[in-house]
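Spelled out from the first residue to the last, the chains are:
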Amino acid sequence: MISESSSFVKGVVLGGAFCMLVTLLGHIKVGHGTKAHHHEHHHIQAPNKEDVLNLSEGERMELSKSIRVYCIILVKPKDLGHWAAVKETWSKHCDKVEFYSSENVKVFESVALNTNDMWVMMRKAYKITYERYKDEFSWFFLAYPTTFAIIENLKYFLLKKDPSQPFYIGHTMKSGDLEYVDGEGGIVLSIESLRRFSRVLEDSDKCPEQGGMIWKLAEDKQLAICLKYTGVFAENAEDSEGKDVFNTKSVGALIKEAMSTHPQQVVDGCCSDMAITFSGLAPNHMHVMMYGVYRLRPYGHTYNDALVFLPPPGSDND
Amino acid sequence: MASSKSLMNLLTFTFGSAIGFFVCYLLFSIILEEQVKIQPHILHNDPHGQHSADTDNNQLQGQMNFNADSGQHKDENKNIAEGLYQKVKILCWVMTGPQNLEKKAKHVKATWAQRCNKILFMSSEENKDFPTVGLETKEGRDQLYWKTIKAFQYVYDHYFDDADWFMKADDDTYVILDNLRWLLSKYSPEQPIYFGRRFKPYVKQGYMSGGAGYVLSKEALKRFVAAFKMNKCSHSSSIEDLALGKCMEIINVEAGDSRDTSGRETFHPFVPEHHLIRGYLPKTFWYWNYNYYPAVEVSLGTYP
């Protein structure tokens, strides 16, 4: 009995020691990972309003004209309702917008990519975009047709960021070790990131068309993996108070969440006043958003924005 | 014998190590989870931004506060709006009932109602906590007109001197008070007039849709309350807005034009989608025949 209990105790001690060893080893590995991460930015902020106001009138004019955004919307024929809504609403505020579709559709103009696979679509869309527009635009915004974007807020956010730096911005998520931008919230690439991506695309070891060994990885994760190889890391965009500006949910869903998590401060718990995207919107909701964001005004409230971004001339926007 | 004993030892040893490993694993996973929970908080807490500590300076327990003034409104100038707030005093009363306080009235209270100069919630029964005024009626669609009469009577008895204009809204209506003040600033509260979404059938000068909300001038309220004392208007009807409209005509209160300078309606009986999207409401829908003024359709392509 005694020898049995002693061997039992020895067993427990050994088991515990083994477990501790394994955990610590794993932790150090993770620790190294996070330490490496801390070298890069995790989150990135909008410019401070004071900084912008300190610029001269001339500088502000220059800034507001110089920043040009090219929008890529990935669509499929099944998204026709959303496609129409995006076409009629917020996409008009992009300096240029192009709809990249899986196949040709009679009703709307688009760039046909001849594939149904979202990752292949994304690769092709970015490749074509880089080849055609690398000298004309410095910022590239990719969205799905269920997303609503306020391009003026995007421009403000990007205002003082240097596009020759590798930026990859949006609503970030973590999947194991991988930090990636969630496609639902919209993906922003600077020209430098796009340049690096179009190069690594050709490398079938680092950035294959058929990513993920056992099952397919989502295209936004694949993008993150490829970009990581080129030294480009995902950054979460926030306003000056730390609130996300790219949202993967609709206003209604976010308010509902805020009502249960922050009932005393629904506004603080919900959304940024400078939000750039909302997602999961039905086509009708896009029209309501346009009305609420651009037309409905409470009389007697005036806003002194330091900058004005106008939609491109001839874009059928009054 | 010796071999079976050493076998027993081996088994207990293995069993013990399994237990040891498992317990240790549990402990570690709990500890690590705590760490993981802390991490996202740090990520969000930017050194530049400040996370407001959970302050409990709200007067109302369990109430939602939508108007917590966030620093993001620093470059908003509200001087004109604030001036109008002082100049055009509006008392709002919201038609509700005991079953809707949690579902609907609570949200009205947390949002637009705060912009009224005075806000009252009218229900069939009194609720001291919310608070609601008890009209001592029953609930139900057929009671709406009676509730309306009693509500306006209550307002007249208790708050007549506290406001210039008296707005009735449902608990599923959203009112933009700033824009209402802009409309009413052009009229005198001594004028016998009322505003809302004007419908044309049944009443010569038209009547105002109940769902879109309507607002009475001081003089209109005075005449309305007097009309019942003098039996000029009937007390019962199953159609609240129509009955009120008929009464207004009898007592010579004018049905006003609430449209904006481009001829577009400012009071809306349905949700924004129904009004914004062309073709959403079929052409055969009763609504199109009820509107007093011709519909001015703005093509959807022209957003600013």
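Computed from a prediction, not measured in an experiment: that's the story for all the values here. (Residues numbered from 1 in each chain as written. Chains lettered and ligands numbered in written order. Predicted model: local features only at pLDDT ≥ 70, side-chain atom pairs only at ≥ 80, totals over all residues. Heavy atoms only, no water.)

1. What about the overall build of chain A?
Which entries qualify depends on this criterion: Only DSSP runs of H or I with at least four residues qualify as helices, and only runs of E with at least two residues qualify as strands; both kinds are numbered from the N terminus onward. Burial status follows relative accessibility: with a 1.4 Å probe on protein chains alone, a residue under 20% of its type maximum counts as buried, one over 50% as exposed, and anything between as partly exposed. Pairs of residues are marked as contacts when any of their non-hydrogen atoms sit within 4.5 Å. For accessible areas, the Shrake-Rupley method is used with a probe of radius 1.4 Å. Any residue's cover is judged against the shown protein chains and nothing else.
Within chain A, the regular secondary structure consists of 11 helices and 13 strands. Scored against the burial criterion, the 318 residues of chain A give a buried share of 51%. Within chain A, contacts between residues at least 6 apart in sequence are counted, and of these 76% link residues at least 24 apart. As displayed, chain A has an accessible area near 15,200 Å², and 56% of this comes from carbon and sulfur atoms.

2. Quick word on a nonpolar patch on the surface
The cut-off we apply is this: A patch consists of residues exposed above 30% relative accessible area that lack any salt bridge, with like charges linked at up to 9 Å and nonpolar side chains (Val, Leu, Ile, Met, Phe, Trp, Tyr) linked at up to 5 Å. The working definition used for a salt bridge is a side-chain nitrogen of Lys or Arg within 4 Å of a carboxyl oxygen of Asp or Glu.
Among the surface-exposed residues, Leu7, Met8, Leu10 and Leu11 of chain B lie close enough to one another that they form a single nonpolar patch of about 390 Å² accessible area. By the secondary structure assignment, Met8 of chain B is in helix H1 (residues 2-44).

3. A few points about the state of the cysteines
In protein structure, a disulfide is the covalent linkage between the sulfur atoms of two cysteines. Heads up, the condition is: Criterion for a disulfide: a pair of cysteine sulfur atoms within 2.5 Å.
Scanning all chains against the criterion turns up 5 disulfides over all chains. There is a disulfide in this structure between Cys207 of chain A and Cys226 of chain A, and the S-S distance comes to 1.9 Å. What sets the handedness of the Cys207 of chain A and Cys226 of chain A disulfide is the S-S torsion sign, and at about 95° it is right-handed. Of this pair, Cys207 of chain A sits in the loop between helix H7 (191-200) and helix H8 (219-229) while Cys226 of chain A sits in helix H8, and the two are 19 residues apart along the sequence. The exposure class assigned to Cys207 of chain A is buried, which follows from its relative accessible area of 1%. Between the sulfur atoms of Cys233 of chain B and its disulfide mate Cys247 of chain B the distance is 2.0 Å. Looking along the S-S bond of the Cys233 of chain B-Cys247 of chain B disulfide, the torsion reads about 90°, which is the right-handed sense. Placement of Cys233 of chain B in the loop between helix H6 (218-229) and helix H7 (240-250) and of Cys247 of chain B in helix H7 is noted, with a sequence separation of 14 residues between them. On the basis of relative accessibility, which here comes to 2%, the residue Cys247 of chain B falls in the buried class.

4. Some words on the sheet that holds strand E4 (residues 111-112) of chain A
All names here are of chain A. In plain terms, the rule: Here, a strand pair is defined by DSSP locating no fewer than two bridges between the strands. Orientation is described by axes fitted as lines to C-alpha atoms, over the contacting stretch for helices, and by angles from 0 to 180 degrees between their N-to-C directions.
Taking strand neighbours across the sheet as the criterion, the 8 strands line up as E1-E11-E7-E10-E5-E2-E3-E4 in an open arrangement whose pairing is mixed. Of all the strands in the sheet, the pair left with one neighbour each is strand E1 (43-45) and E4. Bridge count for strand E7 (residues 168-170) against strand E10 (residues 187-190) is 3 bridges, and the pairing is antiparallel. Bridge pairing in E10 places Gly170 opposite Ile187. Set on the sheet, H7 makes contact with strand E5 (139-143), E7 and E10; between it and E10 the angle comes to about 90°.

5. Description of the confidence of the model for chain A
The line we're drawing: Each residue gets a pLDDT score, which is the predictor's confidence in that residue and runs from 0 to 100.
Here chain A shows a mean pLDDT of 87. Residues at 70 or above account for 90%. Low pLDDT (under 50) marks residues 29-40 of chain A, which in the prediction has 5 contacts with non-local residues, meaning those over four places away or in another chain.

6. Some words on H7 of chain B
Residue and element names in this part refer to chain B. Most of H7 is tucked away: 8 of the 11 residues are buried. Among all positions in H7, only Glu240, Asp241, Leu242, Ala243, Leu244, Gly245, Cys247 and Met248 are buried. The secondary structure elements touched by the buried residues of H7 are helix H4 (144-159), strand E5 (165-170), strand E6 (193-195), strand E8 (207-208), strand E9 (214-217) and H6. Downstream of H7 by one or two residues, Asn252 has phi in the positive range, about 60°.

7. Concerning the pattern of salt bridges
For the structure on display, the rule yields 15 salt bridges over all chains. Across the salt bridge formed by Glu202 of chain A and Lys127 of chain A, the nearest N and O atoms sit 3.5 Å from each other. Of the two residues, Glu202 of chain A sits in the loop between H7 and H8 while Lys127 of chain A sits in helix H5 (residues 118-133), which places them 75 residues apart along the sequence. Glu265 of chain B is the partner of Arg197 of chain B in a salt bridge, and the nearest nitrogen-oxygen pair spans 3.4 Å. Within this pair, whereas Arg197 of chain B is found in the loop between E6 and strand E7 (198-199), its partner Glu265 of chain B is found in the loop between strand E10 (254-255) and helix H8 (272-276), the two being separated by 68 residues in sequence. Via salt bridges that share partners, Lys127, Glu131 and Glu202 of chain A belong to a single interconnected network.

8. Quick notes on the confidence of the model for chain B
Residue and element names in this part refer to chain B. A residue-level look at chain B finds 81% of positions with pLDDT of 70 or above and a mean pLDDT of 83. Across residues 35-64, where pLDDT falls below 50, the model places 35 contacts with residues more than four positions away in sequence or in other chains. In this model, residues 67-71 is a region of pLDDT below 50 whose contacts with residues beyond four sequence positions or in other chains number 8 contacts.

9. What to know about the packing of H7 of chain A against H8 of chain A
All names here are of chain A. Which entries qualify depends on this criterion: Each angle gets one of four labels, with under 35 degrees taken as roughly parallel, over 145 as roughly antiparallel, 65 to 115 as roughly perpendicular, and the rest as oblique. Lys, Arg, Asp and Glu make up the charged group, whereas Ala, Val, Leu, Ile, Met, Phe, Trp, Tyr, Cys and Pro make up the nonpolar group; the residues left over, Gly among them, are polar.
Running from amino to carboxyl end, H7 crosses H8 at an angle of 95°, the nearest separation of the two axes being 9 Å. Viewed along their axes, H7 and H8 adopt a mutual orientation that is roughly perpendicular. Contact residues: Ser193, Phe197 and Val200 in H7; Leu223, Cys226, Leu227 and Tyr229 in H8. The residue inventory of the contact of H7 with H8, partitioned by class, reads 6 nonpolar, 1 polar and no charged.

10. Here we look at the sheet that holds E10 of chain B
All names here are of chain B. What the 7 strands build is an open sheet, ordered E4-E3-E2-E5-E9-E6-E10; its pairing is mixed. The outermost strands of the open sheet, each flanked by one partner alone, are strand E4 (133-134) and E10. With 2 bridges joining them, E6 and E9 adopt antiparallel strand pairing. Paired with Tyr194 across the bridge in E9 is Leu216. Lying on the sheet, H6 is in contact with E5, E6 and E9; it crosses E9 at an angle near 90°.

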